[in-house]
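Each chain is listed here by its residues.
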Amino acid sequence: MQVNELVRLNKDAYIGFLSELVQTDTQVIGHGVLGGNEQAGQAIIKKKLEQLGFEIDEFCVDDEKIKKYPGANLGHKNEGRPNIVGVWKGTGNGRSLILNGHIDTMPFGDRAKWSDDPFSGQVKGDVLYGLGSTDMKASLAAMILAAQVLHTMGLKLKGDLIIQSVVDEEGGGNGTLACVERGYTADAAIVGEPTQLHIQPAHMGFLFHEIKVEGKSLHSSQLWEGVNAIDKAIKIYQSIKELEHHWLMTQRHPLLPGPTINLGEIKGGIAGSVVPGSCTLKTCLHYQPKQGESYQETRDRVHQQVLDAIDRVVLGDEWLRAHPPQVTVYQEGFPFETPVAHPLIQEVKEVLGQVLQDEVVIEGMPAGCDARLLAGFANIPTVILGCGDPRQCHCIDESVPVDQFLTLIEVYAQFIVSWCGVESNTND
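Residues numbered from 1 in each chain as written. Predicted model: local features only at pLDDT ≥ 70, side-chain atom pairs only at ≥ 80, totals over all residues. Heavy atoms only, no water.

This structure, assessed with the given rule, holds 19 salt bridges. A salt bridge links Glu 265 to Lys 267; the shortest N-O distance between them is 3.3 Å. Judged by relative accessible area, Lys 267 falls into the exposed class, the value being 55%. The residue Arg 391 makes a salt bridge to Asp 389 at a minimum N-O spacing of 2.8 Å. One connected set of salt bridges, linked through shared partners, spans Glu 38, Arg 81 and Asp 168. (Salt bridge = Lys/Arg side-chain N within 4 Å of Asp/Glu carboxyl O. Buried < 20%, exposed > 50% of the residue type's maximum accessible area, 1.4 Å probe, protein only.)

What follows is the structure, given as structure tokens:
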């Protein structure tokens with residue numbers, strides 16, 4: 001029986017497995033700082049992988065081990081939040097493959113705004129609803145079910161297949177970073193973030209800056225005697241936006257949008273009658289990878305350009321020269337890019353085209369994900385490919401198309417066979 005026939009024959013069971021995952025609360029709390037509820041979901045993943053004969057490695061993130069990596073998000077509550085890694089050992093002489101997906105979800109927010117329970121996992125028409133359905137339990141389930149399809153067919157892989165169900169992705173990627181630190185590597189990796197079955201061989205890097213500006217506070221009736229920290233902060237923000245404009249005019253990437261800087265939070269002052277004595281800006285900057293530079297070099301260059309933009313304001317302002325703002329990076333992630341001409345991308349394109357019987361879309365991800373960790377720290381050629389619309393991420397009434405989910409199972413299964421290779425059946 002062929003892969004596509006098996007998927008269609010067992011579709012109800014496969015949808016049921018995804019529904020069970022969606023019905024299980026795996027919310028991350030406080031972006032991981034306060035912990036997360038991933039354990040119950042990981043128990044389901046572990047049981048399924050064990051049934052398929054995978055060797056299981058269960059371990060929690062250890063700050064002492066991952067702190068050596070730039071961008072590690074330390075200080076999270078890691079107890080009771082295990083990674084589950086399953087290894088299907090090949091017979092030899094084949095290429096190895098990592099399939100990476102995160103089990104954690106963002107919180108559901110205001111339950112009253114959801115049409116149904118966030119953990120319903122119900123199918124209506126051709127759509128399955130529930131928190132994490134798109135981001136990214138459907139792709140994670142498809143990875144495991146692809147292995148089940150091959151197991152049902154009795155195939156023996158030549159190369160190792162490694163499935164990583166990781167925690168704390170929504171907290172910055174510590175789960176995958178712990179897998180890298182543990183020594184997991186392969187000849188290629190697929191990260192299953194939602195791409196609508198489009199191939200994404202690149203994503204943006206990101207830098208979160210906190211800028212604290214000092215002023216001089218007093219009653220607003222004596223305004224001229226004080227220094228308005230919000231006014232000073234606005235001057236700094238305007239300089240940063242000018243930098244953004246320069247980037248947008250001068251930088252192009254074939255797969256990715258231009259760099260952007262978002263002012264996401266501003267806090268300052270205590271009352272309209274008081275000159276604010278302090279103001280804090282928090283920004284999120286997305287930037288492109290650049291050929292010929294390491295990810296670290298690109299990050300450092302972009303960060304320095306932000307500092308230079310701030311310094312231009314400081315040098316022209318007597319108060320700021322005497323009271324320079326404090327600038328810190330409080331969260332970050334490198335960009336990543338696998339060249340489109342790389343054999344991994346071309347082989348994924350060929351398999352996807354055969355399954356879809358349609359033109360394949362290759363594009364970049366405007367956000368960031370764990371692909372950067374596998375590519376940047378483990379030096380694994382990596383691509384992002386999953387089901388679901390990324391616009392469904394972190395939103396009310398999150399959902400995933402069932403047909404896309406089933407198609408992805410077939411895509412993953414066919415690619416595993418193509419990439420890892422299978423032993424020929426001597427009985428045929």
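Read on for the rest.
Once that is clear, we can look at the packing of helix H3 (residues 38–51) against helix H5 (residues 133–152). Following both chains from N to C, one finds H3 and H5 inclined at 15°, their axes separated by 10 Å at the closest point. Comparing the axis directions of H3 and H5 gives the class roughly parallel. Considering only the axes of H3 and H5, their crossing is left-handed. Here Ile 45, Lys 48 and Leu 49 of H3 lie close against H5, whose contacting residues are Leu 140, Ile 144, Leu 145 and Gln 148. Its residues placed into classes, the contact of H3 with H5 shows five nonpolar, one polar and one charged. (Axes fitted to C-alpha atoms, helices over the stretch in contact; angles between N-to-C directions. Helix = DSSP H or I, 4+ residues; strand = E, 2+ residues; numbered from the N terminus. Parallel < 35°, antiparallel > 145°, perpendicular 65-115°, else oblique. Left-handed = near helix turned anticlockwise from the far one by under 90°. Contact = heavy atoms within 4.5 Å. Nonpolar A, V, L, I, M, F, W, Y, C, P; charged D, E, K, R; others polar.)

Right, let's get into the sheet that holds strand E9 (residues 205–214). Strand order in the open sheet formed by four strands is E10-E11-E9-E12, with antiparallel pairing between adjacent strands. Each of the sheet's edge strands pairs with one partner strand only, and the pair in question is strand E10 (260–268) and strand E12 (326–333). Across this sheet, the average inter-strand angle for adjacent strands is 15°, counted without regard to direction. Examined bridge by bridge, E9 and E12 share seven bridges and lie antiparallel to one another. If you follow Glu 210 over to E12, its bridge partner there is Thr 328. Contacting E9, strand E11 (278–287) and E12, helix H8 (residues 295–315) crosses the sheet at an angle of about 25° to E9. (Pairing = 2+ DSSP bridges.)

With 21 residues, H8 should cover 30 Å at 1.5 Å per step; its first-to-last C-alpha distance of 30 Å lies within 8% of that length. Buried residues of H8: Thr 298, Arg 299, Val 302, His 303, Val 306, Ala 309, Ile 310, Val 313 and Val 314, and no others. Where H8 is buried, its residues contact E9, helix H7 (229–250), E11, helix H9 (318–322) and E12. (Expected span 1.5 Å × (residues − 1).)

UniProt records the feature "domain: Peptidase M20 dimerisation" (unreviewed entry) for residues 202–302 in the present numbering. When the span residues 202–302 is considered, its composition is 30% helix and 31% strand, and the gap between its end C-alpha atoms is 18 Å. (UniProt positions renumbered as here; feature names shortened; annotations may be inferred.)

On the surface, Ile 29, Val 33 and Leu 34 cluster together to form a nonpolar patch covering roughly 260 Å² of accessible area. Here Leu 34 lies in the loop between helix H2 (11–22) and H3. Note on Leu 34: relative accessible area 55%, which makes it exposed. (Patch = residues over 30% accessible without salt bridge, like charges linked within 9 Å, V, L, I, M, F, W, Y side chains within 5 Å. Areas by Shrake-Rupley, 256 points an atom, 1.4 Å probe, with all protein chains shown as cover.)

By size, the foremost hydrophobic cluster in this structure holds 90 residues, and its most contacted members are Ile 45, Leu 97, Leu 161, Phe 405, Ile 409 and Ile 416. Here Leu 97 is in contact with Asp 160, Leu 161, Ile 162, Ala 186, Ala 188, Ala 189, Ile 190, Phe 415, Ile 416, Trp 419 and Cys 420, once residues within four sequence places are set aside. Membership of the second largest hydrophobic core comes to 24 residues, among which are Val 227, Ala 229, Trp 247 and Ile 310. (Core = buried A, V, L, I, M, F, W, Y, C linked by side-chain atoms within 4.5 Å.)

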